[in-house]
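# Observations on the model geometry
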Amino acid sequence: METSNKNLQNQNLQMDIGAQKPNKEVVIVTGSSGMIGSALIHKLSEKYHVVGFDQDGYPFPPVEAECVCVDLTSDSRMDFAFKRIRYAYGNKIASVVHLAAYYDFLGEPSDLYDKVTVKGTERMLKYLQDFKVEQFIFSSSMLVYKPSSPGVLITEESPLEPKWDYPKSKVTTEKVMHEQRGEIPVVIMRIAGVYSEDGNSIPITNQVQRIYEKQLSARLYPANTAHGSTYVHRDDVINAIALAIDNRKDLQAEVVINIGDDETLSYKELQDIISTEIHDEKTPIIAIPKWFAKAGAFMQNLFGKAFIKPWMIDLANDHFEMDSSKAKNLLGWKPKHGLRDTLPKMIDNLKANPEKFYKENKLG
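Residues numbered from 1 in each chain as written. Predicted model: local features only at pLDDT ≥ 70, side-chain atom pairs only at ≥ 80, totals over all residues. Heavy atoms only, no water.

Tallied over the entire structure, the rule returns 20 salt bridges. Glu 25 is the partner of Arg 248 in a salt bridge, and the nearest nitrogen-oxygen pair spans 2.8 Å. Here the residue Arg 248 occupies a position in the loop between α7 (234-246) and β12 (254-259), and Glu 25 occupies one in the loop between α1 (2-20) and β1 (26-30), the gap between them amounting to 223 residues. With a shortest N-O distance of 3.4 Å, Glu 269 and Arg 340 are connected by a salt bridge. Placement of the pair is Glu 269 in helix α8 (residues 267-279) and Arg 340 in helix α12 (residues 339-352), with a sequence separation of 71 residues. Owing to a relative accessible area of 30%, Glu 269 belongs among the partly exposed residues under this scheme. By relative accessible area, which is 35% here, Arg 340 ends up partly exposed. Look at the salt bridges and you will find they share partners, linking Glu 25, Lys 92, Glu 134 and Arg 248 into a network. (Salt bridge = Lys/Arg side-chain N within 4 Å of Asp/Glu carboxyl O. Helix = DSSP H or I, 4+ residues; strand = E, 2+ residues; numbered from the N terminus. Buried < 20%, exposed > 50% of the residue type's maximum accessible area, 1.4 Å probe, protein only.)

This is the structure in structure tokens:
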């Protein structure tokens, strides 16, 4: 009788586990409550069963995904998260989209770059070795590259020269993936600065704020205004990731892909578009020496929390102009948006509700 009860309990347990396994293939998204992660879940849930890995508490991933609370710096929390995956969904994972990372604009050294971005990714790869994982997508950054010059495109083979802790942590993590991926195929996406109609780009929205408020700093610049950086619309990033998942079986075991707009706007072009949309006239730019800009940034931060930090002045002349043709050839991806066309929509949202725009973009 005792044996029969145990057999019945085992059968019920197997039925419970089997009932939870989805018919759709499983995709895990880390950083699932973030700007990219939440929108990505909306997209992927149409075709895949999505599990969102995220920290405890608010904000939460979209309701389309199961939320599994995890701490990338903790073995016990990571172990618990993957036990949940195995129990509910079995041993097979179609793709892991790893968006979670540490990031700030303070420019100061932080051990969180190593603990969260580098060691956190290393820890995930370790636990994933016990699963059949068809793909691991890592969101890297355009900033890992050595800056170029106008008209010189940065390809995936261009030299790397990260200049501050955030891109340095991305380069280190890329090496970790190469060395510790095991049999898991990996896709490294080096993504340009992300934006949307709502803003969502710290450099752009702060430039918008300076011009909107007619700040003196909006007219001053310590570098070549013909230089700029490639950006990419959030929805185009999401489409690139979705295509990479759909085409995962056709990709090489290790592949690096640039994701960016077709057009790279210079700082002056950005300034002209933003100021014209806001004030119906261009805001002239006055060239200033770096020492003066650093002194001004230091004073602003001494008496408040200004966006521009002294360390940023040394990077103001850097130019990043990316070539994303590899993504087009491998994935059939093509950006459907451009910053030139999106900026007027961004400014319209600012004008329609400045308080909301400031709040959503954390503008002081």
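In this section: the packing of aromatic side chains. Here the structure, examined in full by the defined rule, presents 10 aromatic pairs. Look at Phe 53 and Phe 82: their rings are 5.4 Å apart centre to centre, the planes differ by 70 degrees, and that puts the pair in the edge-to-face class. Taken as a pair, Phe 53 in strand β2 (residues 49-54) and Phe 82 in helix α3 (residues 75-89) lie far apart in primary sequence, 29 residues in all. An identical accessibility class is assigned to Phe 53 and Phe 82; each is buried. An angle of 40 degrees between the planes, with centres 5.8 Å apart, marks the rings of Trp 164 and Tyr 166 as tilted. On the basis of relative accessible area, Tyr 166 is assigned to the buried category, the value being 11%. By way of ring pairs, the aromatic residues Phe 53, Phe 82, Tyr 127 and Phe 131 are connected into one cluster. The aromatic ring of Phe 131 is capped on one face by Arg 86, whose charged end is 4.1 Å from the ring centroid. (Phe/Tyr/Trp six-rings, centres within 6.5 Å; stacked < 30°, edge-to-face > 60°. Lys NZ or Arg CZ within 6 Å of the ring centre and 35° of its normal.)

Along the chain, the position of Lys 362 falls in the segment after α13 (354-360). Separated by 96 residues in the primary sequence, Lys 362 and Ser 266 place their C-alpha atoms 24 Å from one another.

Let us look at helix α4 (residues 112-128). Between the first and last C-alpha of α4 there are 22 Å, a value that for 17 residues agrees with the 24 Å anticipated at 1.5 Å per step. Along α4, the sharpest kink reaches roughly 35 degrees, centred on Lys 119. For α4, the full list of buried residues reads Tyr 113, Val 116, Thr 117, Val 118, Gly 120, Thr 121, Arg 123, Met 124, Leu 125, Tyr 127 and Leu 128. (Expected span 1.5 Å × (residues − 1). Bend = angle between axes of the 7 residues up to and from the residue.)

This part is about the sheet that holds β1. Read across the sheet, seven strands follow the order β3-β2-β1-β5-β7-β8-β12 without closing on themselves; strand pairing throughout is parallel. In the strand order of this sheet, the two ends are held by β3 (66-69) and β12, each with one partner. Taken pair by pair, the neighbouring strands of this sheet meet at an average axis angle of 20 degrees, ignoring direction. Note: strand β8 (residues 186-191) against β12, six bridges, orientation parallel. Following the sheet pairing, Val 187 is matched in β12 by Val 255. Each of β1, β2 and β5 (95-98) touches helix α2 (residues 35-44); the most contacted strand, β1, lies at about 170 degrees to it. (Pairing = 2+ DSSP bridges. Axes fitted to C-alpha atoms, helices over the stretch in contact; angles between N-to-C directions. Contact = heavy atoms within 4.5 Å.)

Among all residues except glycine, the phi angle is most often negative; among peptide bonds, the trans geometry is most common. Although it is not a glycine, Asn 200 sits at a positive phi angle of roughly 65 degrees. Looking at where Asn 200 falls in the secondary structure, it is placed in the loop between β9 (193-195) and α6 (202-212). One non-glycine residue, Lys 214, lies in the positive phi region at around 55 degrees. Position of Lys 214 relative to the elements: it lies in the loop between α6 and β10 (220-221).

On average, the protein scores 90 in pLDDT, and the residues at 70 or more come to 91%. In the model, residues 1-19 has pLDDT below 50 throughout and makes four contacts with residues more than four positions away in sequence or in other chains. (pLDDT = per-residue confidence, 0-100.)

With that settled, consider the packing of α4 against helix α5 (residues 165-180). Remark: α4 packs on α5, axes separated minimally by 9 Å, with the N-to-C direction vectors making an angle of 15 degrees. Relative to α5, the element α4 is oriented roughly parallel. Once α4 is placed against α5, the crossing between them reads as right-handed. Contacts from Tyr 113, Thr 117, Val 118, Thr 121, Glu 122 and Leu 125 in α4 reach Asp 165, Tyr 166, Ser 169, Thr 172, Thr 173, Val 176, Met 177 and Gln 180 in α5. Each residue belonging to the contact of α4 with α5 can be placed in one class, and the counts come to six nonpolar, six polar and two charged. (Parallel < 35°, antiparallel > 145°, perpendicular 65-115°, else oblique. Left-handed = near helix turned anticlockwise from the far one by under 90°. Nonpolar A, V, L, I, M, F, W, Y, C, P; charged D, E, K, R; others polar.)

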